[in-house]
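A look at the structure
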Amino acid sequence: MDILHFGALSDLPTWTVTAVTVATLLALLFVGAPLFVTASALIVACWTFGAPWWLWLSVFTPLTVLLVRPLRRMLLGDRILDVLRKGGFLPQISDTEREAIAAGTVWLDGELFSGKPSLAKLLAAEYPDLTADERDFLDGPVARVAAMTDDWQVYQQRDLPAEVWDYLKRERFFGLCIAKEYGGLGMSASANSAVVQRLASRSLPLAITVMVPNSLGPAELLSHYGTPEQKQRWLPALADGSQVPCFALTEPGAGSDAGAISATGTVFRAEDGRLMVRLSWNKRYITLAAVATVLGLACQLHDPENLLGKGPRPGITCALVPTDTQGVVLGRRHDPLGVPFYNCPTSGRDVVLPLDEAIIGGAAGAGRGWAMLMNCLAAGRGISLPATATGGAQLTARCVGAYAAVRQQFGLAIGRFEGIEEPLARIAGSTYVLEAARRYVNGALDEGHKPAVVTAIAKYATTELWRKVINDGMDVMGGAAISRGPRNLLANAYTGTPICITVEGANILTRTLMVFGQGAIRCHPYALKELEAIAQNDPVAFDRAFWPHLGHVLRNAVRATLLFATRGLLTWAPGRGAVRGYWRRLNWASAEFALLADVAMGALGGDLKRKEKLTGRYADWFAWMFLAAATLRRFEAEGRRHEDLPLVQWSLEHAFAEMQQARCGIHQNLRLPVLGGALGKVMGLFARLNPLGTGPNDRVGQRAARTLLQPGAQRDRITGNCFVPDDPASALGRLEHALVTCTAAEPVLKKLKDAVKLGRLPKARPAQLLDQAVEAGIVTAAEREQVQAAEAARAEAIAVDSFTLEEYLRSAAGPAPQPAADTAPATS
């Protein structure tokens, strides 16, 4: 064996040679070097440093097995495949789940799931702005219809005014996503989202009425899958509002379990030889159904005579039904928390239509309905509800910030109290994150991506953040938030929030099943290939996926360990200044997440699907990694504004604290075969000793909160797409006027307070000292008028609505009452 000692450094001690070899292996695993490169480098290291024979044997033997594919398969691969197939490792996946997993594309979610994300890709992702035409539409028709809509009156009258409905149709609001060649506006995802966002900041019923025709439904399905004849018949009429669509999916027995759809369509041949379909259904929770003229329908298609050549049960199919067809039943409404948008049941019995007109895509579309729906949702989930959540958050931030600056107690604006600063910081930071996520996701959609897992994250995470924002806003405004009336900007939004949580996949389902349950298979670089190979008993495909997967796990184990030890310092970080550390931490979080995901999938196999509490924690970690990346991208895209650092720091510290909570929960509850929970307890201890994050400190929170308390460019940017009415007598207009007026009067009030401290004026409220201060030459007459105007604006801004007993009782059934405002002084 002397030939093995011919290396240039063969006199080194054995332990040194061993250490160098191991270090070489760890370094190669850390950087993710390919197997051939790793093998070559280890051989060179052993030769150069004169490795002893036993080290050669321990390195060369496994490398030979791994590099020689026939040998690898014969000794290991085929045996492992057989064990996995017979051991029930494969989770049971229904056809609808398989189509959902296959829907859409993988985007930056694949980077974060990999354990070695390309930070450069995360930073360089598209972050588009609106075109000039889109901006004109937002500042023109969108602003005008928002101004036309009085949210209080909408709730009192239980519908949008007729003139608003007419305006929406005339300006083609129902054709945002329809191509211009068919009379639509052909807007980008970013513009569609911005329209819904601004409308949501004015009125939730208005936003829902516009978003639904432009989300999952006939227009989008026809645009992607309709026949040329179907497109020509329906799209122009949908764009100009002469046809109003709805889409009927949910049933009493089929919510998240789409495979349980009981609506049926039966194919038969009419006497004239034409193929027909007979439809029957019983649907609920269908938005716009009561006023729809065309109904999209998801049904189970049956073809007992196999007239289409796809067997007797082609599967879920999407159909179009004119609502004036005999057998269609409409005309009833649900009452979703009193929010007055059309949400309705609908049924149909023996509704007969020509098959080529009824089935979207004609005969070729038969049985393809679920794939159509999943592909549309893969994009649509990232538009409407994240936009609604962001619009609501911007309204809350603007409204609550102004109120906290204007409202005083103990002679001080309540926004200066630390107890109020805490929720204000959460509102400001969350609003910054929401806009970052909205723009980030829509940038991907505009580039043609359909990242199903990312849009599920966007829907789940943004609506949950919105729920926390509105709760904080209600807490800060207190009695002014719970006293309903025209002056109240938050109560209707608060009431409607659970609707956003529930629709397009309830958040419980989205979190536990879509984000990680399906995301673990879809975003993982090898898992889906392995599952398909196991299901098909394909040893060649399994070999090509399993061994790279094993290397992937080893690499992430090394990366997670070294990044844990250095808190991410071993990685390159883009950008500069205060945010570089956050990029490094994100890299560390990704490596550890990917490792723990593989541990759970490998140890629990098919049982992981049923461990929804565990998959929910993985989903939280995954979602907050994405939100952190979106926040960092926004900061970079907007030119690294120094004044935004408090918002960025609060948002990212909060994000890493959320990841840490999920991390500890996984360690506490992940029970492995044989080891049980012992390993998790040990790792959980280390995780607590070296946390990913502990949350923003009070100083950062204070700076974040104060971004909402001062009028100016930064506050306007934080709430940049919130509709702010020009009318100073409107609810938000009063708050805006009071904020500007009271802020301008602060220097005068400070003069009065300083005079009291010096004994030049008696102790009293500043507003009560104005005349004495003028006489003493402390303030001028003009300054006295300025303070008086500010105090009047303050009193008007914090006033709440009240009703006579007759008005209050009449408001439920009769004309909307005209409430009176209370006259409490601003300093009460």
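Look above for the structure.
Residues numbered from 1 in each chain as written. Predicted model: local features only at pLDDT ≥ 70, side-chain atom pairs only at ≥ 80, totals over all residues. Heavy atoms only, no water.

1. Looking at the overall build of the protein chain
Each helix and strand in the protein chain was counted, giving 34 helices and eleven strands. Per-residue burial over the protein chain gives 56% buried out of 828 residues. For the protein chain, the exposed surface amounts to about 34700 Å²; the carbon and sulfur share of it is 56%. (Helix = DSSP H or I, 4+ residues; strand = E, 2+ residues; numbered from the N terminus. Buried < 20%, exposed > 50% of the residue type's maximum accessible area, 1.4 Å probe, protein only. Areas by Shrake-Rupley, 256 points an atom, 1.4 Å probe, with all protein chains shown as cover.)

2. As for the nonpolar core
Counting 137 residues, the largest nonpolar core has Tyr-440, Leu-586, Tyr-618, Trp-621, Phe-622 and Met-659 as the members making the most contacts within it. When sequence neighbours within four positions are dropped, the list of residues in contact with Met-659 reads Ala-589, Trp-621, Trp-624, Met-625, Ala-628 and Leu-692. (Core = buried A, V, L, I, M, F, W, Y, C linked by side-chain atoms within 4.5 Å. Contact = heavy atoms within 4.5 Å.)

3. Considerations on helix H33 (residues 781–798)
Its 18 residues place the ends of H33 26 Å apart at the C-alpha level, agreeing with the 26 Å of an ideal helix rising 1.5 Å per residue. Along H33, the residues classified as buried are Glu-783, Val-787, Ala-790, Glu-791, Ala-793, Arg-794, Ala-797 and Ile-798. Taken around the axis of H33, the buried residues stretch over an arc of 165°, which confines them to a single face. Counted as exposed and oriented over 90 degrees from the buried face of H33: Ala-782 and Glu-785. Looking at the packing, one finds that the buried side of H33 touches helix H17 (384–406), strand S8 (408–409), helix H31 (731–757) and helix H32 (770–775). (Expected span 1.5 Å × (residues − 1). Arc of directions from axis to C-beta.)

4. Focus: the packing of helix H19 (residues 452–477) against helix H26 (residues 612–637)
Interhelical geometry of H19 versus H26 gives an angle of 90° and a closest axis separation of 10 Å. In this view, H19 runs roughly perpendicular relative to H26, as classed from their interaxial angle. The residues of H26 that touch H19, namely those facing Val-453, Val-454, Ile-457, Tyr-460, Ala-461 and Leu-465, are Asp-620, Phe-622, Ala-623, Trp-624, Phe-626 and Leu-627. Partitioning the contact of H19 with H26 into residue classes produces eleven nonpolar, no polar and one charged. (Axes fitted to C-alpha atoms, helices over the stretch in contact; angles between N-to-C directions. Parallel < 35°, antiparallel > 145°, perpendicular 65-115°, else oblique. Nonpolar A, V, L, I, M, F, W, Y, C, P; charged D, E, K, R; others polar.)

5. Comments concerning the packing of aromatic side chains
The relation between two aromatic rings is expressed through the spacing of the ring centres and the mutual angle of the planes. Following the criterion strictly, the structure yields 22 aromatic pairs and no others. With a centroid separation of 6.2 Å and an interplanar angle of 80°, the aromatic rings of Phe-564 and Trp-588 are classed as edge-to-face. One end of the pair, Phe-564, is in helix H24 (residues 539–566); the other, Trp-588, is in helix H25 (residues 580–604), and 24 residues separate them in sequence. The class for Trp-588 is buried, based on a relative accessible area of 0%. When the centroid spacing of 6.5 Å and the interplanar angle of 80° are considered together, the rings of Phe-564 and Phe-686 count as edge-to-face. Of this pair, Phe-564 sits in helix H24 while Phe-686 sits in helix H28 (residues 678–689), and the two are 122 residues apart along the sequence. Judged by relative accessible area, Phe-564 falls into the partly exposed class, the value being 21%. Aromatic rings pair up to connect Phe-113, Phe-516, Phe-593, Tyr-618, Trp-621 and Phe-622 into one cluster. We note Arg-278 situated over the ring of Phe-268; from NZ or CZ to the ring centre the distance is 4.4 Å. Above the plane of the ring of Tyr-342 lies Arg-333, whose end atom (NZ or CZ) is 4.0 Å from the centre. (Phe/Tyr/Trp six-rings, centres within 6.5 Å; stacked < 30°, edge-to-face > 60°. Lys NZ or Arg CZ within 6 Å of the ring centre and 35° of its normal.)

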